[in-house]
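Observations on the three-dimensional arrangement
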Amino acid sequence: VVAGLNQAVTEATSGDGSTFAWRVEGWLALLRPESGWHVLNLFAGYPMGTGYARAMGDSVLTTHDIEAGIIPHNYYLSMILRGGLVGLLALVALYVALARTLLRRAPDPVHEGYAACFAAVLVTQTVYYVPYSADTIQGLFLGGAIAWAARLAPVAHESFSHDYRRANDLPQPV
């Protein structure tokens, strides 16, 4: 099994016809000056709708090809192209803050288990984003992690916290 897996990984990542080599070529093509990339766009990125047209080898991937699904296959590159380094750093900061909150604020073992699961999902997403772009399912997992972290985060103002708790002290039915 291990030998077969090793062979599959080697075939997928080596040679001119491999999917990984094709993806890396596409990533580099998007960052070449002839693709319209400029260093100034590194800060804030390109506006949405500019597409991902690029020249790769003997072919040119046009907007029509992109609409057919040929995207950068790297969420980090997509973030740099769409949001610049500002957007990429904001994404990284979100993931770091979520992971820290999830792993540090759980009040008991049950919450620690859920928080650890969400933190594990966040880590796998950061790896998933290297060869793939984000999709709706990734957004659902990220939203769930944000909601759980918000549940674990302390209330910003302590007096609000006490007033809120008192308002929810309803009489119990007898």
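The notes below deal with the structure included here. Since the structure is predicted, the reported quantities are computational estimates derived from the model, not experimental observations.

**Thoughts on helix α5 (residues 75-104)**
Residues spaced three or four apart along an α-helix point in a common direction, a consequence of the helix completing one turn every 3.6 residues. The end-to-end C-alpha separation of α5 is 27 Å, well short of the 44 Å expected for 30 residues at 1.5 Å each. A maximum bend of about 125 degrees is found in α5 at Gly-83. You can read the cap of α5 off the contacts: a side-chain oxygen lies 2.9 Å from the backbone nitrogen of Tyr-76, and it is on Asn-74.

**Some thoughts on the environment of Leu-103**
Its location among the elements puts Leu-103 in helix α5. Judged by relative accessible area, Leu-103 falls into the exposed class, the value being 57%. As a C-alpha pair, Leu-103 and Cys-117 span 14 residues in sequence and 9.9 Å in three-dimensional space.

**Examining helix α7 (residues 136-152)**
Over its 17 residues, α7 extends 24 Å from the first C-alpha to the last, a length consistent with the 24 Å expected when each residue adds 1.5 Å. Looking only at α7, the buried set comprises Gln-138, Leu-142, Ala-145, Trp-148, Ala-149 and Leu-152. An end-on view of α7 places all buried positions within 125 degrees of arc, on one side of the element. Counted as exposed and oriented over 90 degrees from the buried face of α7: Thr-136, Leu-140, Ala-150 and Arg-151. Close packing links the buried residues of α7 with α5 and α6 (109-128).

**Some points on the nonpolar core**
Membership of the largest hydrophobic core comes to 17 residues, with the highest contact counts inside it found for Tyr-95, Leu-102, Ala-115 and Leu-122. Mapped onto this core, the elements with two or more residues apiece are α5, α6 and α7. Ranked by residue count, the leading element in this core is α5, at eight residues. Filtering out sequence-adjacent residues up to four positions away, Leu-122 remains in contact with Tyr-95, Leu-98, Ala-99, Leu-102, Leu-142 and Ala-145.

Parameters at a glance
Residues numbered from 1 in each chain as written. Predicted model: local features only at pLDDT ≥ 70, side-chain atom pairs only at ≥ 80, totals over all residues. Heavy atoms only, no water. Helix = DSSP H or I, 4+ residues; strand = E, 2+ residues; numbered from the N terminus. Expected span 1.5 Å × (residues − 1). Bend = angle between axes of the 7 residues up to and from the residue. Polar contact = N/O pair within 3.5 Å; in protein donor to acceptor, adjacent residues only side chain to side chain. Buried < 20%, exposed > 50% of the residue type's maximum accessible area, 1.4 Å probe, protein only. Arc of directions from axis to C-beta. Contact = heavy atoms within 4.5 Å. Core = buried A, V, L, I, M, F, W, Y, C linked by side-chain atoms within 4.5 Å.

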